[in-house]
Amino acid sequence: MARETKVSLKSSDDELFDVTEAVAFESQTIKNMIEDTGTASAIPLPNVSSKILSKVIEYCKYHVESQKPGDEKSAISEDEIKTWDQEFVKVDQATLFDLILGLKRVGILNPLKWMNI
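Quick summary incoming for the structure in this document. (Residues numbered from 1 in each chain as written. Predicted model: local features only at pLDDT ≥ 70, side-chain atom pairs only at ≥ 80, totals over all residues. Heavy atoms only, no water.)

1. Details of empty space enclosed by the protein
The cut-off we apply is this: The method works on a 1 Å grid over the protein atoms by themselves. A cavity is a set of points holding a 1.4 Å probe that cannot get out, a pocket is an open set with protein on both sides within 12 Å along at least five of seven lines, and residues with an atom within 4 Å of a point line them. Grid points are joined across faces, edges and corners, and a volume is the space filled by probe spheres set on the points. A run of DSSP states H or I qualifies as a helix once it reaches four residues; a run of E qualifies as a strand once it reaches two. Both are numbered from the N-terminal end. Put simply, Ala, Val, Leu, Ile, Met, Phe, Trp, Tyr, Cys and Pro go in the nonpolar bin, Asp, Glu, Lys and Arg in the charged bin, and everything else, Gly too, in the polar bin.
Per the counting criterion, the structure on display carries one cavity of 30 Å³ or more. Each pocket or cavity is described by its volume, and for the largest cavity that value is around 50 Å³. What lines the largest cavity is Leu-9, Val-19, Val-23, Ala-24, Ser-27, Ile-30, Leu-53, Val-56, Ile-57 and Cys-60. For the lining of the largest cavity, the secondary structure elements donating two or more residues are helix 1 (21-24) and helix 3 (50-67). Broken down by element, the lining of the largest cavity gets its largest block of residues, four residues, from helix 3. When the residues that make up the lining of the largest cavity are grouped by side-chain class, the tally is nine nonpolar, one polar and no charged.

Here is the structure:
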């Protein structure tokens, strides 16, 4: 099995998060930064706190895993993904606001789609 490239993401409060390149590439902004500068040093995200970045990473990991090809029994349906997304945003209002901003800042397009807004 090929070894996946790891990417370090640095939050506004200087916490480092190591993720796979596939997870990082869920973010168009991070993907562009990696393509421009490479993965030798941490990708700075000065407008995203560690609390919110960890949630953004959780979101990206789930969506990468849900897209992996596999046998039919392990396939995740669109309805299951939609349900997960709706549960994911069941947080207090302040966290939800920060989460939406964090997703938008890293280029996760249309984070409001699962809230029927």
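2. Some points on the packing of aromatic side chains
Going by this rule: A pair of aromatic rings is counted whenever rings of Phe, Tyr or Trp (Trp by its six-membered ring) have centres within 6.5 Å, and the orientation is called stacked for planes under 30 degrees apart, edge-to-face for over 60 and tilted otherwise.
Across all of its chains, the model carries four aromatic pairs by this definition. In textbook terms, an aromatic cluster arises when at least three aromatic residues are bridged by ring pairs, as seen for Tyr-59, Tyr-62, Trp-84 and Phe-88.

3. A word on the sheet that holds strand 1 (residues 6-10)
The following threshold applies: For two strands to be treated as a pair, DSSP must find no fewer than two bridges joining them. Residue contacts are counted whenever heavy atoms from the two residues lie within 4.5 Å of one another. Between N-to-C directions, angles cover 0 to 180 degrees, with each direction set by a line fitted to C-alpha atoms, over the stretch in contact for helices.
Read across the sheet, three strands follow the order 2-1-3 without closing on themselves; strand pairing throughout is mixed. Across the chains shown, the open sheet's two edge strands, defined by having one partner strand only, are strand 2 (16-20) and strand 3 (43-44). Strands in contact with helix 3 are strand 1 and strand 2; relative to strand 2, the strand with the most contacts, it is inclined by about 10°.

4. Description of unusual backbone geometry
The following threshold applies: Think of it in three bands: with a 1.4 Å probe and only protein chains considered, a residue is buried below 20% of the maximum accessible area for its type, exposed above 50%, and partly exposed in between.
The residue Asp-14 is not glycine, and still its phi comes out positive at about 65°. Summarising the element assignment, Asp-14 is placed in the loop between strand 1 and strand 2. The exposed category is assigned to Asp-14, whose relative accessible area is 55%.

5. Points about the packing of helix 3 against helix 5 (residues 93-105)
Between two packed helices, both the angle of their axes relative to each other and the distance between the axes serve to describe the pair. To keep it simple, the criterion reads: Comment on the angle field: the value is read as roughly parallel under 35 degrees, roughly antiparallel over 145, roughly perpendicular from 65 to 115, and oblique elsewhere. Crossing handedness is defined as follows: a turn of the near helix away from the far one that is anticlockwise and smaller than a right angle gives a left-handed crossing, while the clockwise case is right-handed.
Put simply, helix 3 and helix 5 touch, their axes get as near as 9 Å, and they point 65° apart. Taken together, the axis directions place helix 3 and helix 5 in an arrangement best described as roughly perpendicular. Crossing hand, helix 3 versus helix 5: right-handed. Residues Lys-51, Ile-52, Lys-55, Val-56 and Tyr-59 of helix 3 form the contact with helix 5, whose participating residues are Thr-95, Asp-98, Leu-99, Gly-102 and Leu-103. When its residues are assigned to classes, the contact of helix 3 with helix 5 shows five nonpolar, two polar and three charged.

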